[in-house]
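# Observations on chain architecture
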Amino acid sequence: MNKTFAQKLSKAVSKFSGNLIVKTIASGMARLLPVIMIGSIVTLLISLPIDPWLAFLESSGIGSIITIGSKMTNDIITIYLVVALSFDMARLLKVNQLNAVLVSVVSFFIVTPMTDAMIGEKAAKVFTTTYLGSRGMFVGIIVALLATYLFYLLVEKGPKIKMPASVPPAITASFESLIPAIGVAAVFIAIGAVFSMTSYGDVHSAVYAVLQAPLEGLGNSIWAMVLLALLGEFFWFFGIHGSNVTSAANNTLFMPGAIENASNVAAGLPATNAVNSYFLEAFKGPRHCVLSAMLAFMSKSKQLKAVGKIAVVPGLFGISEPMKFGIPMVFNPIILIPMSLAPVISLLIAYFAIKIGFMSIVSIAVPWVAPPLIGGFLAAGWQGAVVQLIQMIAIFILYLPFFKVLDKRKCAEEALNESQAKEGNAS
Amino acid sequence: MIKKILLACSGGFSTSMLVQRMKDAAKAKNLDIEILAVGEDNIFEQLDSDVLLLAPQIAHKLEDLSSDLDIPVFTIDMMDYGMMNGEKVLTEVLEKVK
């Protein structure tokens with residue numbers, strides 16, 4: 001294998017994943033997990049396919065009471081997204097994190113239109129969840145990144161209020177973020193004003209039309225998802241954590257659809273986005289569990305068996321590193337084909353199961369560490385478990401011929417080493 | 001003398017396996033060292049560590065992190081990582097950082 005290409009690739013990945021925006025989106029969106037899990041548990045509880053349970057939720061009224069857990073998470077996800085992204089970007093830029101978060105939230109609400117509504121007899125201005133939920137996520141991302149960066153620029157390079165030397169330093173410090181905060185707010189007020197003069201009417205409508213709607217087309221495409229999965233495995237071949245490179249793209253493209261599904265299900269509406277980030281997490285395929293079991297129970301090579309023993313339990317929880325570096329799968333052309341194709345085939349099987357109406361659309365976040373079958377069951381009921389079982393069989397068949405070649409080669413290597421060692425001892 | 005070794009991978013999962021084995025190795029050698037695994041996003045919360053070891057799958061972050069942090073940063077050898085050879089990783093880091 002050409003080492004210089006690997007080094008170049010590693011450098012390029014380092015540059016890409018070290019990019020401020022990519023870094024912020026990748027780690028910021030991951031921080032939403034607690035919020036997402038609150039919403040998901042509600043969605044799980046009210047959609048468990050057990051009839052007496054559903055009847056109980058309905059008759060006791062508990063069902064409609066607990067949906068608040070989804071409404072206050074999924075339906076206003078963008079507020080939390082702005083907080084998380086701004087928090088992480090401020091951390092990376094080393095500016096005051098709380099101030100940056102506050103300024104970003106203010107900026108987001110500045111460009112978010114209020115709607116006229118009647119509450120009883122009284123006219124009121126309200127924020128609708130249209131802009132605060134999954135549909136507003138792109139605006140949230142853009143505003144959080146822009147506001148935080150502007151805040152940073154103004155803090156670092158903007159004008160500062162000069163205080164007489166006799167003013168205590170703590171007082172001076174408290175003035176330091178005032179001008180930047182006011183500056184950022186002024187910029188967003190101006191942006192809002194400019195957009196109100198366009199045919200879009202406001203920032204949200206413009207971003208939705210220009211950016212989010214076209215990207216949602218991509219976000220609904222199973223092929224976009226498959227391609228990103230393939231790309232992730234390609235990076236793994238060179239020893240680079242694949243989702244490290246693809247997670248920012250995956251989250252941006254596929255998370256809005258997942259949140260929209262979760263909102264819909266909690267509100268009693270059907271989920272509509274078959275391709276979404278929850279689907280990806282749950283149905284990328286139980287690859288590590290299958291391969292580690294093959295190593296532990298089927299290999300004749302001592303080394304592969306040793307790796308299998310280390311890898312089989314972590315493999316159950318979707319952790320692959322012992323195999324990636326122990327077999328190794330990294331820089332291993334024999335393993336490259338099944339390694340790349342396993343997630344592709346798995347995703348296509350699951351997608352097909354949804355398309356033919358066998359499995360329901362996924363609208364529950366199941367952490368990727370959930371063991372196979374259990375994970376599938378939580379995400380999509382018994383049909384989900386069946387789909388994962390089919391995936392396991394498919395992955396096994398896919399790996400088998402390559403595994404046999406690998407095992408044979410390792411055995412031959414080991415035999416050679418042993419005989420050399422014996423000769424060495426004899427002489 | 002090293003007091004605290006920090007290991008980082010993407011989410012802190014696979015490094016936690018190695019940490020367990022390094023702790024066992026440290027115990028066998030009667031060494032009193034704190035060894036900890038974190039996800040790369042949480043490295044900045046553990047800056048009191050004496051050394052940072054990166055899992056091979058995030059070795060591409062070595063340059064970035066070395067320039068950001070004041071503590072020495074190393075990557076873990078691929079094979080040692082795969083075989084979860086805690087003893088060897090511990091011995092090597094103790095040789096490198098004194």
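Bear in mind that the values here come from a model prediction, so they are computed numbers and not experimental data. (Residues numbered from 1 in each chain as written. Chains lettered and ligands numbered in written order. Predicted model: local features only at pLDDT ≥ 70, side-chain atom pairs only at ≥ 80, totals over all residues.)

## Some words on the interface of chain B and chain A
We apply this condition: Distance between backbone-placed C-beta atoms decides contact: two residues are in contact if it is within 7 Å. Here a strand is any run of E in DSSP of at least two residues, a helix any run of H or I of at least four, and the numbering for each starts at the N terminus. Classes in brief: Ala, Val, Leu, Ile, Met, Phe, Trp, Tyr, Cys and Pro nonpolar; Asp, Glu, Lys and Arg charged; the others, Gly included, polar.
On the side of chain A, 21 residues touch chain B, which itself brings 20 residues to the contact. Of all the secondary structure elements, the ones that give two or more residues to the side of chain B that touches chain A are α1 (14-28), α2 (62-68) and α3 (78-82) of chain B. Ranked by the residues each element gives to the side of chain B that touches chain A, the list is headed by α3 of chain B, at four residues. Class assignment of the residues belonging to the side of chain B that touches chain A gives a composition of eleven nonpolar, five polar and four charged.

## Notes on the domain arrangement of chain A
Residue and element names in this part refer to chain A. Under the convention used in this document: Where each domain starts and ends comes from a domain assignment, either automatic or drawn from a database.
Assigned domains within chain A: domain 1 (73-219) and domain 2 (235-426). Using only C-alpha atoms to locate each centre, domain 1 and domain 2 end up separated by 39 Å. Across the contact, ten residues belong to domain 1 and ten residues belong to domain 2. The leading source of residues in the side of domain 1 that touches domain 2 is helix α13 (residues 203-219), at four residues. The class makeup of the residues in the side of domain 1 that touches domain 2 is four nonpolar, four polar and two charged.

## A look at helix α12 (residues 178-196) of chain A
All names here are of chain A. Convention followed: Here a helix's expected span is defined as the number of its residues, less one, multiplied by 1.5 Å. Counting other C-beta atoms within 10 Å of its own, a residue is labelled buried from 20 upward, exposed at 12 or fewer, and partly exposed in the gap between, with every C-beta atom placed from the backbone. Here the arc refers to the directions that run from the helix axis out to each C-beta atom.
Counted at 1.5 Å a residue, the expected span for α12 with its 19 residues is 27 Å, and the 27 Å between its end C-alpha atoms agrees. By the burial criterion, the buried members of α12 are P180, A181, V184 and F188. Buried residues in α12, looked at end-on, bunch into an arc of 105°, giving them a common side. Along α12, the residues that are exposed and aim more than 90 degrees away from the buried face are L178, I182, A186, A190, A193 and V194. In this structure, the buried residues of α12 make contact with α8 (97-110) and α10 (137-157).

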